[in-house]
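Here is what each chain is made of, one letter per residue.
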Amino acid sequence: MNVITDHLAEFGDGLLLTVGLTLLSLAGALAAGVVVAALRVSPVRVLRAAGMAYVEVLQNVPLLVWLVLAVFGLPEVGVIAGLFTTAVVVIALYQGAYAAEAIRSGINAVPAGQGEAARALGLTFTQSLRLVILPQALRTVIQPLGNIAIMTLMNTALAAAVGVVELTAAANRVNLAEAQPIWIFVTAGLAYMALSAVFGLVTGTLERRLAILR
Amino acid sequence: MIMTLVPTGVRRAAVAAVAALALTGLAACSSDDADPAVPGAGGTAPADDLVAAAPVAASLIPGSTMEKIKQRGQLIVGGSLDAPLLSQQNPATKKVEGLDADFGRLLAKYIIGKPNVKIVNSASETREALLANGTVDVVFQTYSITPERAKQVAFAGPYYSSGLVIATKKDETGIKAPADLKGKTVIAGANTPAIPAIKQAAPDAKIVTFGTDPECVQALKQGRGQAYVQDEALLLATAKQDPTVQIQGKPFTSDPYGIGLKHGDAQMKAFVNDWLKQIQASGLWAKVWKNSIGTVVQGEAPQPPAIGSAPGSE
């Protein structure tokens, strides 16, 4: 067990970076998800097509490929940002596509009468979405969004491949010095499990408080 | 570039496919890896000359690991397929080329009589486990001998001694020696000995790591760090191809590579060390060096490191 206690600082730094990466990308993903879901249900055909194109393009290319493209490809066209920033933006946009689909399913679960009533009251499309549809839609998809949050957490490990020293990369570096892969990666795995358990608990609490029974 | 980054699972599947291909080659008796006695279509490659000149062990201890390998007819080597000059698969011929790959074939010939090698793609996270559970017989993978690792695996050798050098962009003037890395952002390969070496030479340098050598070079050229620390041979090859990359100074570490063996297998360790002594004495070691690292490093082959000289290999 000395291998773990001797390197608590490295593990701690990695864990902090993983948490930061996850929370920032998750916030971005939810924002992107709401916007793209709104595009996908909008009455304007061009916007619907744009929303669909976003989801298809982002989901159908692996996240690792996106990360490598952003880190090594963008500087070739003059766009260079820090590794952490690049990773946050890429993971947020990628997870945003999944969040959009989850939110869209929530929108489809809102009874049609609600939208019709909103229109009858004279609300515009944006108003009815913001005031009537989305509040109900988001409350139905708390569980799927919780899954996406856990998926985001797990996917942050891919940032290790592009030089972000999050938990997985930190574990790798400790292992390089200590050559005790089992203890080291079990520790990293337990840390990931603990974090996803937190997400699970938060999701469960939110759902009990907010879910609409139909 | 992207291929080298695929997750281990996918990579393992790819390796399995490659291994399956190699086996088909064996069965058809046409692979140049498999049997040097079969006349090749386009003349013999230098690596085949090495194998032809390689010794075969006079006798194997009954019941030993070596005898089991001979009965299996194949030496299973934990190694890389993407390390230039050391162990890299040639996409055109499927043959794995380089210093580590050549030594693997020569050891297979010494044990079995034929250079039959199957490379299992190992990584620095899995090498100890692969040796301990018997998935691979030996590891040839720039496996630096350290006392920590020697608690879990046995090291024959060292069979090669390498060193780390600093590379920068051509126009960089402020970095001449390891001490100049102080406060700089330094690029290193993930899971390479460069990481601890940089920490020792310049404790406050910021280290950025990438999975493969081409990515590190790209990152250096794009300005994600002011310097790149990597094995000398690898960087010499890069600097030769790419005029915008410059090597600063001489190697500042000495990094003994060992042949990883199952922990506690003293018979096998003595056997492999004997083989190393033989090929060093006969000059074959120098020819292997000439065939791989010697293609980018000027001059004659260096003096091979003394067997058992590195802490952890006694």
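All values reported here derive from a predicted model rather than from experimental measurement. (Residues numbered from 1 in each chain as written. Chains lettered and ligands numbered in written order. Predicted model: local features only at pLDDT ≥ 70, side-chain atom pairs only at ≥ 80, totals over all residues. Heavy atoms only, no water.)

1. Section: the overall build of chain B
Rules: Under the DSSP-based scheme used, a helix requires at least four consecutive residues in state H or I and a strand at least two consecutive residues in state E, with every element numbered from the N terminus. Relative accessibility under 20% of the residue-type maximum defines a buried residue, over 50% an exposed one, and the middle range a partly exposed one, all with a 1.4 Å probe and only protein chains included. Note on contacts: a residue pair qualifies if any of its non-hydrogen atoms lie within 4.5 Å across the two residues. In short, Shrake-Rupley with a 1.4 Å probe defines the accessible areas, and a residue's cover is counted only from the protein chains shown.
Counting secondary structure elements, chain B contains eleven helices and 13 strands. By residue count, 49% of the 314 residues in chain B fall in the buried class. Here the analysis covers contacts within chain B between residues at least 6 apart in sequence; of these, 70% occur between residues at least 24 apart. Accessible surface for chain B amounts to roughly 13,500 Å². Of this, 57% is attributable to carbon and sulfur atoms.

2. Describing the sheet that holds strand S2 (residues 82-83) of chain B
Within a beta sheet, neighbouring strands are joined by backbone hydrogen bonds and run either parallel or antiparallel to one another. Residues and elements named next belong to chain B. Note the threshold: Should DSSP find at least two bridges between two strands, the strands are taken to pair.
Pairing is antiparallel across the open sheet formed by three strands, whose spatial order is S2-S3-S4. At either end of the open sheet lies a strand with only one pairing partner, and these are S2 and strand S4 (96-97). In the sheet, strand S3 (residues 87-89) pairs with S4 via two bridges, with the strands oriented antiparallel. Within the sheet, the bridge partner assigned to Gln88 lies in S4 and is Glu97.

3. So, the packing of helix H3 (residues 45-59) of chain A against helix H5 (residues 83-109) of chain A
All names here are of chain A. What counts is decided by this rule: The axes used here are C-alpha line fits, helices contributing only the stretch in contact, and every angle between their N-to-C directions lies in the interval 0 to 180 degrees. Angular relationships are summarised with four words: roughly parallel below 35 degrees, roughly antiparallel beyond 145, roughly perpendicular across 65 to 115, and oblique for the angles in between. By definition, any crossing whose near helix is turned counterclockwise from its far helix by less than a right angle is left-handed, and any crossing with a clockwise turn is right-handed.
In the contact formed by H3 and H5, the axes pass within 9 Å of each other and the chain directions differ by 125°. As far as their axial angle goes, H5 and H3 are oblique. The crossing of H3 and H5 is left-handed. Where H3 approaches H5, its residues Tyr54, Val55, Leu58 and Gln59 are matched on the opposing element by Leu93, Tyr94, Gly96, Ala97, Tyr98, Ala100 and Glu101.

4. Here we look at the UniProt feature "domain: ABC transmembrane type-1" (unreviewed entry) in chain A
Test applied: UniProt positions are given in the numbering used here, feature names are shortened, and annotations may be inferred rather than shown by experiment.
According to UniProt, the "domain: ABC transmembrane type-1" (unreviewed entry) feature falls on residues 15-203 of chain A. Helix makes up 81% of residues 15-203 of chain A and strand 0%, with an end-to-end C-alpha separation of 21 Å.

5. Section: the nonpolar core
Spelled out, the test is: Among the buried residues, those of types Ala, Val, Leu, Ile, Met, Phe, Trp, Tyr and Cys that are joined through side-chain atoms within 4.5 Å form a nonpolar core.
Core analysis: the largest hydrophobic core is formed by 44 residues, its most contacted members being Ile259 and Trp275 of chain B. A total of eight residues in this core trace back to one element, the largest contributor, which is helix H4 (residues 99-112) of chain B. Within the second largest apolar cluster, 32 residues are counted, among which are Leu58 and Val90 of chain A together with Ala167 and Ile187 of chain B.

6. A short note on the confidence of the model for chain B
Residue and element names in this part refer to chain B. Operational definition: For every residue, the predictor states its confidence as a pLDDT score lying anywhere from 0 to 100.
On average, residues of chain B carry a pLDDT of 83, and 85% of them reach 70 or more. Within chain B, the lowest mean pLDDT, 45, falls on helix H1 (residues 8-28), and the highest, 95, falls on strand S6 (residues 138-139). Considering only residues more than four positions removed or in separate chains, one finds that residues 1-44, a stretch of pLDDT under 50, has 44 contacts. Confidence metrics for the complex model read pTM 0.73 and ipTM 0.75.

7. Side note on unusual backbone geometry
For the bond from Gly157 of chain B to Pro158 of chain B, the omega torsion is 10°, close enough to zero to count as cis. Located in the positive-phi region is Ala179 of chain A, a residue other than glycine, with phi close to 55°. Residue Lys94 of chain B is not a glycine yet carries a positive backbone phi of 70°. Mapped onto the fold, Lys94 of chain B is located in the loop between S3 and S4.

8. Thoughts on helix H8 (residues 142-155) of chain A
All names here are of chain A. What counts, and what does not: Each helix should span, by expectation, one fewer than its residue count multiplied by 1.5 Å.
Taking 1.5 Å of rise per residue, 14 residues should cover 20 Å, and H8 covers 20 Å from first to last C-alpha, within 8% of that figure. Every buried residue belonging to H8 is among Ile142, Leu145, Gly146, Ile148, Ala149, Thr152, Leu153 and Asn155, and all of these are buried. Contacts made by the buried residues of H8 are with helix H2 (8-40), helix H4 (63-73), H5, helix H7 (125-140) and helix H10 (181-210).

9. Some details on the UniProt feature "transmembrane region" (unreviewed entry) in chain A
Feature annotation in UniProt assigns "transmembrane region" (unreviewed entry) to the following positions: residues 15-39, 51-71, 77-94, 148-170 and 182-206 of chain A. The distance from the first to the last C-alpha atom of residues 148-170 of chain A is 24 Å, and the span holds 52% helix and 0% strand.

10. Overview of the domain arrangement of chain B
Residues and elements named next belong to chain B. Formally: Domain boundaries shown here were taken from an automatic or database domain assignment. Accessible area that two parts lose when put together, evaluated with a 1.4 Å probe and summed over both, is termed the buried area. Salt bridge, as used here, is a side-chain nitrogen of Lys or Arg placed within 4 Å of a carboxyl oxygen of Asp or Glu. Counting of polar contacts relies on pairs of N or O atoms within 3.5 Å, with two restrictions inside protein: one atom must be capable of donating a hydrogen and the other of accepting it, and residues adjacent in sequence are counted only when both atoms are side-chain atoms. All amino acids are sorted into three groups, where Ala, Val, Leu, Ile, Met, Phe, Trp, Tyr, Cys and Pro are nonpolar, Asp, Glu, Lys and Arg are charged, and the leftover types, Gly among them, are polar.
Its domain assignment divides chain B into domain 1 (3-161 + 256-295) and domain 2 (164-248). Counting residues at the interface gives ten residues for domain 1 and nine residues for domain 2. Summing both sides of the interface, domain 1 and domain 2 together bury roughly 760 Å²; the carbon and sulfur share of this comes to 58%. Connecting domain 1 to domain 2 are zero salt bridges. Summed over the shared surface of domain 1 and domain 2, the result is one residue pair in polar contact (both at pLDDT 80 or more). Class assignment of the residues belonging to the side of domain 1 that touches domain 2 gives a composition of five nonpolar, four polar and one charged.

11. Structural notes on the pairing of strand S10 (residues 206-210) of chain B
Residue and element names in this part refer to chain B. Note the following rule: Whether a crossover is right-handed depends on one test, that the path from the first strand over the helix to the second runs clockwise when the strands point away from the viewer.
In terms of residue burial, S10 counts as a mostly covered element, since four of its five residues are buried. Bridging between strand S9 (residues 185-189) and S10 involves five bridges; their strand directions are parallel. Paired with Val186 across the bridge in S10 is Ile207. In terms of handedness, the path from S9 via helix H7 (residues 194-201) over to S10 forms a crossover that is right-handed.

12. Let's talk about the side chain of Ser313 of chain B
All names here are of chain B. Tracing the chain through its elements places Ser313 in the segment after helix H11 (284-291). Using a relative accessible area of 2% as the deciding quantity, one classes Ser313 as buried. Looking at Ser313, its side chain comes within polar contact range of the main-chain oxygen of Ala310, at 2.6 Å. The contact partners of Ser313, leaving out residues within four places of it in the chain, are Ile145, Phe155, Gly157, Pro158, Lys269 and Gly308.

13. Let's talk about a nonpolar patch on the surface
Which entries qualify depends on this criterion: Any residue with relative accessible area above 30% and no salt bridge may belong to a patch, with like charges joined within 9 Å and the nonpolar Val, Leu, Ile, Met, Phe, Trp and Tyr side chains within 5 Å.
Judged by side-chain polarity, Ile182, Val186, Leu190 and Met193 of chain A come together as a nonpolar surface patch covering roughly 430 Å² of accessible area. Considering the arrangement of structural elements, one finds Leu190 of chain A in helix H10.

14. Topic: the interface of chain A and chain B
At the junction of the two partners, chain A supplies 24 residues and chain B supplies 25 residues. When chain A packs against chain B, the two sides together hide about 2,200 Å² of surface, and 58% of this comes from carbon and sulfur. Counting the surface chain A buries against chain B, the share from its top three residues, Phe72, Arg173 and Leu176 of chain A, is 32%. The interface formed by chain A and chain B contains zero salt bridges. Our enumeration of links across chain A and chain B arrives at nine residue pairs in polar contact (both at pLDDT 80 or more). Residue assignment for the side of chain A that touches chain B shows that the elements contributing at least two residues are H4, helix H9 (167-178) and H10 of chain A. It is H9 of chain A that contributes the most residues to the side of chain A that touches chain B, six residues altogether. Looking at the side of chain A that touches chain B residue by residue, the class counts come to 16 nonpolar, five polar and three charged.

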